[in-house]
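For reference, the chains in residue letters:
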Amino acid sequence: MLQHTPAEAGFDADRLAAIDGFVQSRYLDSGKLPHAQLLIARDGRIAHFSHLGAARENGEAVDDQSLFRIASMTKPITSLAFMMLVEEAKVALDTPVHHVLPELKGVGVYNGGGAGVPFATKPTAEPMRMVDLLRHTAGFTYSFQNRSNVDAAYREGRIENWHGNLDLNGFVGALGQIPLEFSPGEQWNYSVATDVLGAVIERVAGMTLDAFFATRIFEPLGMHDTFFQVPEDKLDRLTDCYTLAQGKGRVMYDRGAESAWARRPKLLSGGGGLVSSALDYHRFCTMCLNGGELDGVRIIGRKTLDLMTQNHLPGGSDLASMSQSLFSEATNAGVGFGLGFAVTQDVAATLVPGSVGEYYWGGMFSTAFFIDPVERLHMIFMTQLSPSNTYPIRRELKTMIYAALT
């Protein structure tokens with residue numbers, strides 16, 4: 001594990017240390033968060049790695065071996081996996097999705113109905129393309145958006161349940177029976193699109209998603225603690241996970257010792273299924289910062305990663321103007337969306353320090369990461385509380401990290 005002192009990495013040591021004090025007093029001592037872990041690196045070398053709170057109720061402290069459910073931080077990994085297949089010319093960004101997933105051929109746009117009344121649909125203006133899956137412009141949604149008859153149909157079919165009735169093929173088949181919320185490319189909505197991308201990877205690569213991740217990404221990168229199912233001999237390292245319940249505050253959602261993540265999910269979720277560690281995700285971020293290579297192993301081409309981290313929203317627009325989403329992992333002003341990441345376009349509009357071209361995302365259990373290629377800086381934050389928009393801690397951390405740069 002390569003490390004810098006804060007000074008060697010260009011940080012004010014006292015200001016970095018103050019971040020831990022802030023997180024401890026505001027979030028842990030108050031009971032808002034169960035635990036927290038913060039990794040900050042410059043040029044791939046760790047400059048700060050702190051562990052706060054207990055990994056499990058009345059248990060041992062969080063440490064560098066702790067495992068966390070990273071939820072939507074799975075999405076950049078799935079997106080990268082797809083782009084590896086693009087590099088092999090097995091599929092392209094403008095390939096219509098139904099060429100690989102024929103179950104989605106002819107899916108129309110919502111035009112009335114639902115809630116017991118048969119759906120009416122109209123044809124899409126353009127076919128759904130692979131790029132729409134990567135940038136969330138496909139017309140899909142999430143059941144937890146709670147704003148339309150389409151997401152109500154997702155809930156009714158329980159199509160997103162990882163341990164439910166559907167595998168990835170059944171999931172795609174179910175989506176083929178539900179209208180899109182809008183014509184592909186016309187709006188942005190945070191959605192199951194990356195799960196659909198996982199099904200594309202399986203069909204194009206001819207192997208299961210977990211096998212592709214393991215053989216093509218995790219093993220070459222030395223990410224030995226990242227998986228859909230926590231192995232029995234590592235289960236003692238999985239942290240407790242909480243959710244916020246109305247009127248009750250923080251309640252247990254998934255106990256590490258008897259976790260649902262100890263079982264192999266029926267639905268392998270490229271949109272949110274992985275467990276990982278801060279050190280493993282650090283290896284992933286360092287590979288990205290290095291232009292696709294780590295320790296002599298190239299995972300993806302430098303120019304492919306450049307393409308992924310540009311804004312792909314139509315017309316160069318930002319999420320504030322295109323988003324229909326009631327929930328996403330990003331604040332929207334000044335932020336575009338690339339192929340698997342949010343991308344900062346206009347730092348002033350975000351109202352938070354940063355750099356043009358930095359890219360990032362988070363997960364529903366309040367984990368987060370960002371990569372700043374200008375400052376050669378990346379951050380990984382781990383905790384376990386849903387929903388992720390409960391507290392403004394991501395913005396606070398980012399502000400304090402940039403304030404510590406010298």
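Here, the structure is the one placed above.
Throughout what follows, the structure given in this document is the object of discussion.

### Some thoughts on the sheet that holds strand β13 (residues 359–362)
- Taken together, 7 strands build an open sheet; the order of strands is β2-β1-β15-β14-β13-β12-β11 and the sheet is antiparallel. At either margin of the open sheet sits one strand with a lone partner, and together these are β2 (45–53) and β11 (335–337). Averaged over all pairs of adjacent strands, the angle between strand axes in this sheet comes to 15 degrees, irrespective of strand direction.
- As defined by bridge partners, strand β1 (residues 35–42) adjoins β2 across 8 bridges and the pair is classed as antiparallel. From the neighbouring strand, A41 faces β2, where its bridge partner is I46.
- Sheet strands touched by helix α8 (residues 278–289): β1, β2, β13, β14 (368–372) and β15 (377–382). Its angle to β15, the strand with the most contacts, is close to 155 degrees.

### So, helix α2 (residues 75–87)
- In this model, α2 (13 residues) spans 18 Å end to end at C-alpha, consistent with the 18 Å of a helix rising 1.5 Å per residue.
- In the segment just after α2, A89 is the residue with positive phi, at about 60 degrees.

### Thoughts on the environment of Y142
- With respect to the helices and strands, the residue Y142 is situated in the loop between α3 (130–135) and α4 (149–157).
- Distance from Y142 to Y190, taken between C-alpha atoms, is 7.0 Å for residues 48 residues apart in sequence.
- In this structure, Y142 is in contact with K75, D151, Y154, E160, Y190, S191, V192, D195 and G271, ignoring residues within four places of it in sequence.

### Remarks on the sheet that holds strand β16 (residues 385–386)
- Read across the sheet, 3 strands follow the order β7-β6-β16 without closing on themselves; strand pairing throughout is mixed. Each end of this open sheet is capped by a strand with a single partner; those strands are β7 (249–254) and β16.

### Quick word on the pattern of salt bridges
- All told, the structure shown has 18 salt bridges when counted by the stated rule.
- A salt bridge links E57 to R255, with the nearest nitrogen and oxygen atoms 2.8 Å apart. Highlighted residues: E57 in the loop between β2 and β3 (68–69) and R255 in the loop between β7 and β8 (275–276), separated in sequence by 198 residues.
- Assessed through its relative accessible area of 32%, R255 is described here as partly exposed.
- A salt bridge links E358 to K398, with the nearest nitrogen and oxygen atoms 2.6 Å apart. Of the two residues, E358 is situated in the loop between α11 (347–350) and β13 and K398 in helix α12 (residues 393–403); the sequence distance between them amounts to 40 residues.
- On the basis of relative accessible area, K398 is assigned to the buried category, the value being 13%.
- A single network of salt bridges, built from pairs that share partners, joins E88, K90 and R216.

How each quantity is defined
- Residues numbered from 1 in each chain as written.
- Predicted model: local features only at pLDDT ≥ 70, side-chain atom pairs only at ≥ 80, totals over all residues.
- Heavy atoms only, no water.
- Pairing = 2+ DSSP bridges.
- Helix = DSSP H or I, 4+ residues; strand = E, 2+ residues; numbered from the N terminus.
- Axes fitted to C-alpha atoms, helices over the stretch in contact; angles between N-to-C directions.
- Contact = heavy atoms within 4.5 Å.
- Expected span 1.5 Å × (residues − 1).
- Salt bridge = Lys/Arg side-chain N within 4 Å of Asp/Glu carboxyl O.
- Buried < 20%, exposed > 50% of the residue type's maximum accessible area, 1.4 Å probe, protein only.

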